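Take a look at the letters that make up each chain.
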Amino acid sequence: MYHCWAKGGHGPMSYHRSLVHSCDVYYYTMGLRLGPDLIAKYANKLGLGKSTGISLADERSGLIPTAAWKERRFGVPWQKGENLSISVGQGYDLVTPLQNALMIAQVVNGGYEIKPHLVEAIYNNEGDAVYRWKPEERKKIDVDPEILARTKAALAGVVQEGGTAGRLKAYEVKMGGKTGTAQVVSLESGCFKEECRDHAWFVGFAPLENPEIAATVVVEHGGFGAAAAAPIVGAILQRYYDIKHNTRSKHPHLAHLYKDIIAEEEEEAKRLEEAKKAEEKRLAEEAKKAEAEKKAKEAEKAKVAKEKSKVEKEVKKAAAKPKRKPIPSPRISPIAVPKPDVEQPKIEEAKAEEKKPVKRSRRRSKYRRPNVDKPEATDVSRTQDPGPRT
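How each quantity is defined
The residue count restarts for each chain, going from 1 along the sequence in the order it is written. With pLDDT at 70 or above as the cut-off, local features in this predicted model cover only qualifying residues; side-chain atom pairs require 80 or more to be listed or tallied, and sums for whole chains, interfaces and linings still use all residues. The basis for every side-chain value is the complete set of heavy atoms in the structure, and neither hydrogens nor water enter the calculation. Secondary structure elements follow DSSP: runs of H or I no shorter than four residues count as helices, runs of E no shorter than two count as strands, and numbering proceeds from the N terminus. Burial classification: accessible surface area is computed with a 1.4 Å probe over protein chains only, and a residue below 20% of its type maximum counts as buried, one above 50% as exposed, and the rest as partly exposed. Whether two residues are in contact is decided by their heavy atoms, any of which lying within 4.5 Å being enough. Per-residue confidence from the prediction method is given by pLDDT, with values spanning 0 to 100. The residues that make up patches have over 30% relative accessible area and no salt bridge, and they are joined within 9 Å when like-charged or within 5 Å when they are Val, Leu, Ile, Met, Phe, Trp or Tyr. With residues, only the protein chains shown are counted as cover, and all accessible areas are computed by Shrake-Rupley using a 1.4 Å probe. For this analysis, a salt bridge means a side-chain nitrogen from Lys or Arg found within 4 Å of a carboxyl oxygen belonging to Asp or Glu. Counting rule for charge: Lys and Arg are taken as positive, Asp and Glu as negative, and neither His nor the chain ends is counted. Positions of charges follow a simple convention, taking NZ of Lys, CZ of Arg, CG of Asp or CD of Glu. Two strands make a pair as long as DSSP finds a minimum of two bridges between them. Lines fitted to C-alpha atoms define the axes, with helix axes restricted to the stretch in contact, and inter-axis angles between N-to-C directions lie between 0 and 180 degrees. Among buried residues, those of type Ala, Val, Leu, Ile, Met, Phe, Trp, Tyr and Cys that are joined through side-chain atoms within 4.5 Å constitute a nonpolar core. The definitions used throughout rest on a 1 Å grid laid over the protein atoms alone, on which a cavity is an enclosed set of points accommodating a 1.4 Å probe that cannot get out and a pocket is an open set flanked by protein within 12 Å on both sides along at least five of seven lines; lining residues are those having an atom within 4 Å of a point. Grid points are joined across faces, edges and corners, and a volume is the space filled by probe spheres set on the points. Disulfide assignment relies on a single distance test, namely cysteine sulfur atoms paired within 2.5 Å.

(A) Inspection of the overall build of the protein at higher detail. For the protein, the helix and strand inventory stands at 13 helices and five strands. Sorting the 390 residues of the protein into buried and exposed places 26% on the buried side. Nonlocal contacts in the protein, meaning residues at least 24 apart in sequence, comprise 55% of its contacts between residues at least 6 apart.

Okay, structure coming up:
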């Protein structure tokens, strides 16, 4: 009896949800409908069951069985029950990790073939390139583009929609993929030792938009792909993205790689923040000082304008009053400040002489001046009018 890994089952499933939750029963049913030959046809188109063309010796091509192959190999016909095994990658199916990586890369790139290579260029001692890899023209795979688009969306849902690899959603880069297990021995063997445990598989790609990288990891005897292989692929994809796009993941699986770098960056960021604050403070102080100076100038300007307006009002007021005749100002004689006069003593002596009595001469002059100081006795007879003279 074939059953799903989920003991309770998944119930009715669509193609999208069957990939997201890795429902075994869905693919058992599809395997019974399709048969080995149709499954092998599309598996071969996506690169399974044939060599990839990588420049490595002894590359294994793997195996995707058909009914004719079994007839040739074992001489017995194909059994319908074998469809169930190959539909989930068990039974006769043999694939390499590189084939799985190419398969998912070709699905998510829109259906173009990829030929892997190891060397991009070879340089001589002078630094000249003596060989440089040249990409070949890629061929379009004959698969319906709508089916490829639906498959890519479902692979993204395995991580982004809480599918079997939902834990990878914790990484910063958006990724998709598919979990898987490779059975080592049959369950009926009764072996539960580590060497009997299933191999854990996970194949993933990133980023979701315009994918750049695909990776496959197989953990031998790791058990479930979601627990053992998926975290490794997630770390690889995130690490690639960090290097390519100069980012720093904070995921616990990668944070230790950037511990010192992050510490230095945080210290530098702190220093820059302090410098920024100091500069902002300086600019704020300068702006405050400039504002104060501006206000002072405006206040001074307003004061001058106010005084000017006051003067203009007084002038207008004075001009409006009727004009009066000017009152002559009294003339004030300047105060004569006596100057020292060397002639003053002489003047005073002259005045003193004038006050002294004049000594008269005894000789009478015919023209003697009458004494004005003391009247003389006058002869009355002389003063009387003698009458008219004849």
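And the narrative resumes.
(B) Structural detail: the confidence of the model for the protein. Averaged over all residues, the pLDDT of the protein is 85; the fraction at 70 or higher stands at 83%. When pLDDT is averaged over each element of the protein, helix α7 (residues 145-160) comes out on top at 96 and helix α13 (residues 380-383) at the bottom at 48.

(C) Molecular detail of a negative patch on the surface. A cluster of acidic residues, Asp260, Glu264, Glu265 and Glu266, forms a negative patch on the protein surface. Overall, glutamate 266 belongs to the exposed group, its relative accessible area being 53%.

(D) Focus on the pattern of salt bridges. Taken as a whole and assessed by the stated rule, the structure comprises seven salt bridges. Salt-bridge contacts for lysine 45 lead to aspartate 142; the nearest nitrogen and oxygen are separated by 3.4 Å. Placement of lysine 45 in helix α3 (residues 36-45) and of aspartate 142 in the loop between β2 (129-132) and α7 is noted, with a sequence separation of 97 residues between them. Here arginine 282 ties to glutamate 279 by a salt bridge, and the two come within 2.5 Å at their closest N and O atoms. You can see arginine 282 and its partner glutamate 279 sitting in helix α11 (residues 259-320), three residues apart, about one turn around the helix.

(E) Region of interest: the sheet that holds strand β3 (residues 176-182). The strand order across the open sheet built from three strands is β3-β4-β5, with neighbouring strands paired in antiparallel fashion. Strands at the two margins of the open sheet, each flanked by one partner only, are β3 and β5 (213-219). Each adjacent strand pair in this sheet contributes to an overall mean axis angle of 10°, direction not counted. Examined bridge by bridge, β3 and strand β4 (residues 199-206) share seven bridges and lie antiparallel to one another. Within β4, the position partnered with threonine 181 by the bridge is alanine 200. Contacting β3, β4 and β5, helix α6 (residues 97-108) runs over the sheet at an angle of about 35° to β4. Along the sheet, helix α9 (residues 230-245) makes contact with β4 and β5, crossing β5 at roughly 150°.

(F) Layout of the nonpolar core. Core analysis: the largest hydrophobic core is formed by 21 residues, its most contacted members being Ala165, Leu168, Met175, Phe202 and Leu237. Elements that contribute at least two residues to this core include exactly α7, β4, β5 and α9. Among the elements that take part in this core, α9 stands out by supplying four residues, more than any other. Among residues more than four places away in sequence, those in contact with phenylalanine 202 are Ala165, Leu168, Gly177, Lys178, Thr179, Ala215, Thr216, Val217, Gly225, Ala229, Ala230 and Val233. Listed in part, the 12 residues of the second largest apolar core include Leu46, Leu148, Leu155 and Val203.

(G) Inspection of the layout of surface pockets at higher detail. In this structure, the second largest pocket encloses a volume near 1000 Å³. For the second largest pocket, the lining is made up of 37 residues, of which Leu102, Ile114, Lys115, Pro116 and His117 are closest to its centre. Mapped onto the lining of the second largest pocket, the elements with two or more residues apiece are α6 and β5. Element by element, the count of residues in the lining of the second largest pocket is highest for α6, at six residues.

(H) Region of the structure containing a nonpolar patch on the surface. A contiguous nonpolar patch, built from Leu56, Leu118, Val119, Ile122, Val130 and Tyr131 and spanning about 550 Å² of accessible area, is present on the exposed surface. Relative to the elements of secondary structure, valine 119 occurs in the loop between α6 and β1 (121-123).

(I) Representation of the state of the cysteines in the model. With the rule as written, the count across this model stands at zero disulfides. Unpaired in terms of disulfides, cysteine 4 finds its nearest cysteine sulfur in cysteine 23, a separation of 4.3 Å. The class for cysteine 4 is buried, based on a relative accessible area of 8%.

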